[in-house]
Each structure stands twice: as structure tokens, then as C-alpha cells.
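# A look at the structure
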Amino acid sequence: MKDAAHGGLAAMVYTNIKARILTGQARPGHVLAAHQIAQEMEVSRTPAHEALKRLVAEGYLVAQPRVGYTVTPINLDEIRDLFQIRIRLECLAAELAAAAFTPAHASAFELAHANAMSEVQRLEGRSPNDPEVVETMSGLHRQFHQMIAGISGNGRLTAMIGTLQDEMQRFWALVPGYLSQSYVFFNDPEHQETFDAIAAKDADRARASVVRHLRDNLRTLFDALFPDEPPSGEPIDLPGLKEFSHRETQGDQRVTEVVARPSGAVGDVGEAEQA
């Protein structure tokens, strides 16, 4: 019984700290001390340490001897790795969803869109950097992608995409006003385009739409976090992306370079990001 209660406390701390990271309240380089977290959340140090160690294992924190834990810096390698994987998984999800789509799925999306618009209206006038706005809007964006993955019928694929979305969210939270309240569900033209292709059971068009959407996301994120990286040079092919839609990458040299950049070519966002 005691172990169960203890595990519940660790889970509570984990959820709280992860939310701070994903909404930008705890930014890269920010130091978190177990004793301060324990005091703040009115728990003992043991569940606080367990929660922080779990976040270290998941890559959100770095353990620093005699310092505590710091929020993991952001670098180009990590962005490259995540986008390379996410492009493949979300293209697969869109293809499978196009094959499995039914009128019941269309109704579910219409209801989800209506609920999303209610949330947008509720938060209207609030700063886009308000933690509740960031959490709500990013959650709605995540829901759209998760619903597509869910239609695929592949539970493991859906879970993997969800994990990647969480990891990407900590990057987006560093971009001021990155997610307009008007760009959720079908208010986002690229979401509408992807949905229409899936509803039409057009797997090729759905896949191309996903590539375009993620490419545009990468460009926005890249320009915000690394305005001077990477240095100019010859275009580099984006591994694996041309097999999906070669024409979608044309003219996007800087985006291509980020995702194709070899391991070890790192551009850190830590203290400099906050300057």
C-alpha cells in the first residue's frame, strides 16, 4: 500500500515537471533541485528524485553532479533525428488511415473540431504564451495527429507518434506565439488538406500533405531557434524524404540541411536562446 502511494506521488511530480518543460516554463539549462521540488509539491525527496530520474531517462533532463538536474539543451542533431522519424511514421499513419477511413471517423473529426473551437473561444484574448494557452492549443494540435494515427488501427504506431509529439513540444514552447489559437484542427489549412486527402481515401495525396506540413513546421522551428545555422553551402538531400515526395523538398536547402546534418554537428540552444 505504501509503495503504491509512493509511486503515485512520483507520477504526480513527473507529470508536473514534464508539463513545465513542454509549456516552456522550465527552459533549456534551467536547474531543478530535488529538495526544492519536494518542498514545493509537499512530497518527500524520494518520489521527487524518482520523477526527475525518469525524466532523465526520457531525455528531458540531464543529471548534473552537485548541481541537480538541468533541462536538456536543444540541438540540431535532436531536431534532425526526431523529424526523420516523425516524417516516416506520420506518412505511414496517413496511408493506413486513408485505407481505413469511414463516415464514423468523419463525424468524430467534426465533433473534435467543434470542441476545439469552443476552447479557442474560451481562451480568446489571452496571450499565446500563457501556459494554459500553450498547453491547451498544443494538446489540440496533438489530438488531431493522434486521431489520424488512431484511424490507422496500429496502436504501437499511434503511441510512437504521441511520444515524438511530446518530445517536439518542448522545442515549440520556446518559440514565442508559435501556435496561433486559430490554427487548430480544420482552421489550419494544412490539417484540412491532410484530412480531405484521407477522407477521399487518396493515400498518395495524404502522404504528400503530411510531408508538406512537417516540412513547413521544420522551417518555422529552424528559423526561430537557429537563425544563423547551418552555414550556407551546397544543398544536401534529405534522406528518406525524396522517397515520399521529391518535389516537396525543392528549394528548401536550409530545412534539408538541418535534417540531413551528420551526427556531431550540433547547434546548442541553452543560454544563448535566452539572451
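Here we summarise the structure given alongside this text. Bear in mind that the values here come from a model prediction, so they are computed numbers and not experimental data.

## Digging into the overall build of the chain
Scanning the chain from N- to C-terminus turns up 12 helices and 3 strands. In the chain, buried positions account for 50% of the 275 residues. Accessible surface, the chain: about 13300 Å² in total, of which carbon and sulfur atoms supply 53%.

## So, the pattern of salt bridges
Scanning the entire structure with this criterion turns up 18 salt bridges. Lysine 18 is the salt-bridge partner of aspartate 166, the closest N and O atoms lying 3.3 Å from each other. Here lysine 18 lies in helix H1 (residues 2-22) and aspartate 166 lies in helix H7 (residues 155-172), a separation of 148 residues in the sequence. With a relative accessible area of 17%, aspartate 166 lands in the buried category. Residue class for lysine 18 comes out buried when judged on its relative accessible area of 15%. The closest approach of N and O atoms between aspartate 216 and arginine 219, which form a salt bridge, is 3.0 Å.

## Topic: the nonpolar core
In terms of nonpolar packing, the biggest core is built from 49 residues, with Ile79, Phe109, Phe171, Leu221 and Leu225 touching the most fellow members. Sorting the residues of this core by element identifies helix H4 (76-100), helix H5 (103-122), helix H6 (131-151), H7, helix H8 (189-199) and helix H9 (203-225) as the ones contributing at least two each. Take this core: its biggest share by element is 10 residues, from H4. By size, the runner-up hydrophobic cluster in this structure holds 20 residues, among which are Tyr14, Ile17, Ala34 and Leu55.

## Considering the packing of aromatic side chains
Under the counting rule described, the total for this entry stands at 8 aromatic pairs. Measuring from ring centre to ring centre gives 5.0 Å for phenylalanine 109 and phenylalanine 195, while their planes differ by 50°; the resulting arrangement is tilted. With a gap of 86 residues between them, phenylalanine 109 in helix H5 and phenylalanine 195 in helix H8 connect regions that are remote in the sequence. Phenylalanine 109 sits in the buried class, given a relative accessible area of 2%. Residue class for phenylalanine 195 comes out buried when judged on its relative accessible area of 11%. Judged by centre distance (5.6 Å) and plane angle (90°), the ring pair of phenylalanine 144 and phenylalanine 185 falls under edge-to-face. Remark: phenylalanine 185 occurs in the loop between H7 and H8 and phenylalanine 144 occurs in helix H6; sequence separation between them is 41 residues. For the residue pair phenylalanine 144 and phenylalanine 185, the accessibility class agrees, reading buried in each case.

## So, the sheet that holds strand S2 (residues 61-64)
Reading across from one edge, S1-S3-S2 is the order of the 3 strands in this open sheet, with antiparallel pairing throughout. Edge positions in the open sheet fall to strand S1 (31-32) and S2, since each of these has one partner strand only. Bridging between S2 and strand S3 (residues 68-71) involves 4 bridges; their strand directions are antiparallel. Across the sheet, valine 62 pairs through a bridge with threonine 70, a residue of S3. In this fold helix H3 (residues 45-57) packs onto S1, S2 and S3, with an angle of close to 115° to the strand it touches most, S2.

## As for the side chain of arginine 170
For arginine 170, the position within the fold is in helix H7. Judged by its relative accessible area of 3%, arginine 170 is buried. A polar atom in the side chain of arginine 170 sits 3.0 Å from the backbone oxygen of threonine 72. Once residues lying within four places of it in the same chain are set aside, the contact partners of arginine 170 are Ile21, Leu22, Gly59, Tyr60, Thr72, Pro73, Ile74 and Glu78.

## Things to note about the packing of H4 against H9
At a closest axis distance of 8 Å, the pairing of H4 and H9 adopts a crossing angle of 160°. With respect to their mutual orientation, H4 and H9 come out roughly antiparallel. For the crossing formed where H4 meets H9, the hand is right-handed. Of H9, the residues touching H4 (which contributes Leu76, Ile79, Phe83, Arg86, Ile87, Glu90, Cys91, Ala94, Glu95 and Ala98) are Ala203, Ala206, Arg207, Val210, Val211, Leu214, Asn217, Leu218, Leu221, Phe222 and Leu225.

Calculation criteria
- Residues numbered from 1 in each chain as written.
- Predicted model: local features only at pLDDT ≥ 70, side-chain atom pairs only at ≥ 80, totals over all residues.
- Heavy atoms only, no water.
- Helix = DSSP H or I, 4+ residues; strand = E, 2+ residues; numbered from the N terminus.
- Buried < 20%, exposed > 50% of the residue type's maximum accessible area, 1.4 Å probe, protein only.
- Areas by Shrake-Rupley, 256 points an atom, 1.4 Å probe, with all protein chains shown as cover.
- Salt bridge = Lys/Arg side-chain N within 4 Å of Asp/Glu carboxyl O.
- Core = buried A, V, L, I, M, F, W, Y, C linked by side-chain atoms within 4.5 Å.
- Phe/Tyr/Trp six-rings, centres within 6.5 Å; stacked < 30°, edge-to-face > 60°.
- Pairing = 2+ DSSP bridges.
- Contact = heavy atoms within 4.5 Å.
- Axes fitted to C-alpha atoms, helices over the stretch in contact; angles between N-to-C directions.
- Polar contact = N/O pair within 3.5 Å; in protein donor to acceptor, adjacent residues only side chain to side chain.
- Parallel < 35°, antiparallel > 145°, perpendicular 65-115°, else oblique.
- Left-handed = near helix turned anticlockwise from the far one by under 90°.

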